[in-house]
Amino acid sequence: MPSLVIDGDPFTHRCMAIDDLVDRLALGLVRIGVRHGDRVGIWGPNTLEWLHTQYAVASIGAILVNINPACRPAELRQIASQAGVQTIVSASSYKTQEYYDIMAEVVPEISSATPGKIRSQELPDLQSVIMYGGEKRPGTYVMDDVMSVGSDQEAKILRECRSGTTGLPKGATLTHYNAVNSVYHLGRMLQFDKFAHTACCTVPFTHLLGCMLTSLCHVTFGVHSVVPSPGFDPEATIKAIDDERCTLIYGTPAMYVALFSHEAIARHDVSGIRTMMIGASPTPPELILQAKGIFRPEEIVTAYGITETCGVSISRPDDPEEKRIYTVGKVLPHVEVKIVDLDTREIVPLGSKGEICIRGYNVMKGYWGQKEKTREVIDPNNWYLTGDIGTLDKDGYCQIVGRSKEMINRGGVKVFPSEVEDVLVRHPKVAAAQISYYKIPTYVRFVEAYPMTASGKVQKNQLQEELKDIALD
């Protein structure tokens with residue numbers, strides 16, 4: 001039976017206990033007015049309450065709206081307004097974020113409202129706010145009180161806040177059909193049905209990887225889950241691997257860079273890691289080779305996925321090592337992929353670069369309330385146009401080269417930042433690299449750290465803003 005340990009809590013929450021708590025929360029949500037099809041926002045870091053909310057919302061057929069835990073007032077206003085959020089379930093605080101204060105800035109009416117009867121000029125759909133992890137605040141319910149009061153396949157899971165690196169949130173709408181099928185095939189390809197893992201879960205639940213693997217795939221296959229901290233903390237992660245004897249870890253390349261460079265790794269035993277999974281952004285082969293010398297896992301797998309497709313491809317633990325290092329594996333079973341020329345839109349020969357297009361059960365229904373934006377990325381034949389550039393070899397393995405929007409055309413030569421970044425990180429004094437111009441950069445700036453999203457990706461748009469003082473030729 002799968003179990004869950006969060007933030008070092010010695011109490012292990014087993015499935016039956018979680019099921020009871022979820023039922024109580026679902027009943028409480030219904031009794032305060034949440035109905036099938038309503039949009040319920042979840043706002044906070046990785047906690048047990050986050051998981052309870054995800055399951056409870058799904059069980060009553062409401063629509064989950066994931067809100068980035070680092071969200072600021074302007075982003076909250078946009079997300080809640082765009083999705084027509086009627087209820088927000090929120091943590092009290094996280095790091096420097098005081099969630100009630102942020103909400104009060106967007107919805108000043110909350111301070112004088114009766115719980116469940118918020119009337120907001122900025123967010124006219126918002127009716128209720130439920131908070132956990134702190135004292136009761138004016139105009140809000142306390143989660144414990146809601147729980148004390150008390151699905152169909154197409155019930156949508158509305159994923160926010162693609163906080164990615166491409167700009168403002170898009171509201172990619174996924175169905176349970178998307179999620180359940182993707183989770184099943186991901187688990188089979190990771191061989192969760194053959195090995196009893198204890199997984200160290202480092203990525204935010206709001207991120208596709210955290211939402212799908214930690215809260216859905218692990219429960220489906222009976223994987224024991226360990227969540228080291230509310231947000232990614234290298235030292236807490238390393239300690240959890242040792243204390244809980246974790247056999248599986250997954251995260252973004254930037255997270256692994258932080259783990260490998262942290263002094264705590266010398267004080268703890270991380271030899272229990274059997275499988276290491278890397279995903280969410282392009283992975284330099286040098287990082288994988290570095291991991292082999294530190295974690296010494298038996299298996300390293302890489303994955304490629306985007307919110308709009310619930311995952312796309314993943315390498316298998318028994319794939320040839322070269323394929324696991326230099327590709328992101330094969331597409332999920334029963335999913336179609338094609339690589340097309342950016343100009344002609346014709347399918348390119350095997351091994352040639354082009355835009356990756358996906359079709360299958362994993363593709364979203366569209367962007368919530370944005371038909372034009374949806375038509376831009378899903379063509380009449382239901383192909384999702386990823387905007388990612390890659391190749392496909394004769395054996396079906398996919399390699400990611402970069403984003404079409406990041407491609408640099410200089411003197412007729414098409415250059416992708418990842419090509420240069422992979423070379424730079426081979427230098428022993430370079431932990432990570434980000435390229436914004438040409439194969440041999442005219443300017444190089446060294447920094448102590450990159451601006452990151454809550455899901456562990458480099459914010460390239462913010463980097464560009466910070467580098468505006470450099471006049472490029």
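Residues numbered from 1 in each chain as written. Predicted model: local features only at pLDDT ≥ 70, side-chain atom pairs only at ≥ 80, totals over all residues. Heavy atoms only, no water.

## A closer look at the packing of aromatic side chains
Within this structure, the stated rule accounts for six aromatic pairs. Centre to centre, the rings of phenylalanine 260 and phenylalanine 295 are 5.5 Å apart; their planes meet at 80°, and the pair counts as edge-to-face. Within this pair, whereas phenylalanine 260 is found in helix H9 (residues 253–260), its partner phenylalanine 295 is found in the loop between helix H10 (285–294) and strand S16 (299–304), the two being separated by 35 residues in sequence. Since its relative accessible area comes to 1%, phenylalanine 295 is described here as buried. Among the aromatic residues, those joined into a ring-pair cluster are Tyr184, Phe192 and Phe221. The ring of phenylalanine 195 carries the charged tip of arginine 274 above its face, separated from the ring centre by 4.0 Å. (Phe/Tyr/Trp six-rings, centres within 6.5 Å; stacked < 30°, edge-to-face > 60°. Helix = DSSP H or I, 4+ residues; strand = E, 2+ residues; numbered from the N terminus. Buried < 20%, exposed > 50% of the residue type's maximum accessible area, 1.4 Å probe, protein only. Lys NZ or Arg CZ within 6 Å of the ring centre and 35° of its normal.)

## Section: the side chain of serine 313
Topologically, serine 313 is positioned in strand S17 (residues 313–314). Of the polar contacts made by the side chain of serine 313, one reaches the backbone oxygen of valine 328; its length is 3.0 Å. Once residues lying within four places of it in the same chain are set aside, the contact partners of serine 313 are Ala303, Tyr304, Val328, Gly329, Lys330, Val331 and Leu332. (Polar contact = N/O pair within 3.5 Å; in protein donor to acceptor, adjacent residues only side chain to side chain. Contact = heavy atoms within 4.5 Å.)

## Concerning the pattern of salt bridges
Taken as a whole and judged by the stated rule, the model has 18 salt bridges. The shortest N-O distance in the salt bridge between arginine 245 and aspartate 269 comes to 3.5 Å. Taken together, the residues span a long stretch of sequence, with arginine 245 in the loop between helix H8 (234–243) and strand S14 (248–251) and aspartate 269 in the loop between H9 and strand S15 (275–278) at a distance of 24 residues. A salt bridge links lysine 394 to aspartate 395; its shortest N-O distance comes to 3.6 Å. (Salt bridge = Lys/Arg side-chain N within 4 Å of Asp/Glu carboxyl O.)

## Considering the confidence of the model for the protein chain
Summary statistics for the protein chain give a mean pLDDT of 83 and a share of 81% for residues scoring 70 or more. Here residues 151–169 is a poorly scored stretch, pLDDT under 50, and it has 81 contacts once near neighbours within four places are set aside; other chains count. (pLDDT = per-residue confidence, 0-100.)

## Quick notes on the pairing of strand S22 (residues 384–392)
Side-chain positions along a regular strand alternate between the two faces of the sheet. The buried fraction of S22 amounts to eight of the nine residues, a majority that puts the element mostly inside the structure. Across four bridges, the pairing between strand S20 (residues 354–359) and S22 is antiparallel. Paired with glycine 354 across the strands is glycine 390, a residue of S22. (Pairing = 2+ DSSP bridges.)

## As for the environment of serine 225
Tracing the backbone through its elements, the reader meets serine 225 in strand S13 (residues 224–227). For serine 225, a relative accessible area of 5% translates into the label buried. Distance from serine 225 to cysteine 201, taken between C-alpha atoms, is 6.8 Å for residues 24 residues apart in sequence. Here the side chain of serine 225 touches histidine 218 through a polar contact of 2.8 Å, side chain to side chain.

## Concerning helix H4 (residues 99–106)
When H4 is considered as a whole, its buried residues turn out to be Tyr99, Tyr100, Ile102, Met103 and Val106. Taken down its axis, H4 places every buried residue within 160° of arc, on the same side. Buried residues along H4 sit in contact with strand S3 (39–43), helix H3 (73–83), strand S5 (87–91), strand S6 (93–94), strand S7 (97–98) and strand S8 (128–132). (Arc of directions from axis to C-beta.)

## Focus on the packing of H9 against H10
Two elements in contact, H9 and H10, have axes whose closest approach is 11 Å; the angle formed by their N-to-C orientations is 40°. With respect to H10, the element H9 is oriented oblique. In the crossing of H9 with H10, the sense of the turn from one axis to the other is left-handed. Mapping the contact onto sequence places Pro253, Tyr256, Val257 and Phe260 in H9 and Leu287, Gln290, Ala291 and Ile294 in H10. Residues of the contact of H9 with H10, tallied by class, amount to seven nonpolar, one polar and no charged. (Axes fitted to C-alpha atoms, helices over the stretch in contact; angles between N-to-C directions. Parallel < 35°, antiparallel > 145°, perpendicular 65-115°, else oblique. Left-handed = near helix turned anticlockwise from the far one by under 90°. Nonpolar A, V, L, I, M, F, W, Y, C, P; charged D, E, K, R; others polar.)

## With respect to H8
Regarding H8, the residues found buried are Pro234, Thr237, Ile238, Ala240, Ile241 and Asp242. At its buried positions, H8 is contacted by strand S12 (198–201), S13, S14 and H9. The N-cap residue of H8 is aspartate 233: its side-chain oxygen and the backbone nitrogen of glutamate 235 are 3.0 Å apart.

## Regarding the nonpolar core
Formed by 102 residues in total, the largest nonpolar core has its most connected members in Leu29, Leu76 and Met277. Excluding residues within four positions of it along the chain, methionine 277 makes contact with Leu190, Leu209, Leu213, Ile249, Tyr250, Gly251, Tyr256, Val301, Ala303 and Ile314. Within the second largest apolar cluster, 23 residues are counted, among which are Ile249, Val270, Ile288 and Phe295. (Core = buried A, V, L, I, M, F, W, Y, C linked by side-chain atoms within 4.5 Å.)

## A closer look at the side chain of serine 315
Summarising the element assignment, serine 315 is placed in the loop between S17 and helix H11 (321–326). On the basis of relative accessibility, which here comes to 0%, the residue serine 315 falls in the buried class. There is a polar contact of 2.9 Å between the side chain of serine 315 and the backbone nitrogen of threonine 302. The residues touching serine 315, leaving out its near neighbours within four places in the chain, are Ile300, Val301, Thr302, Arg324, Val328 and Gly329.

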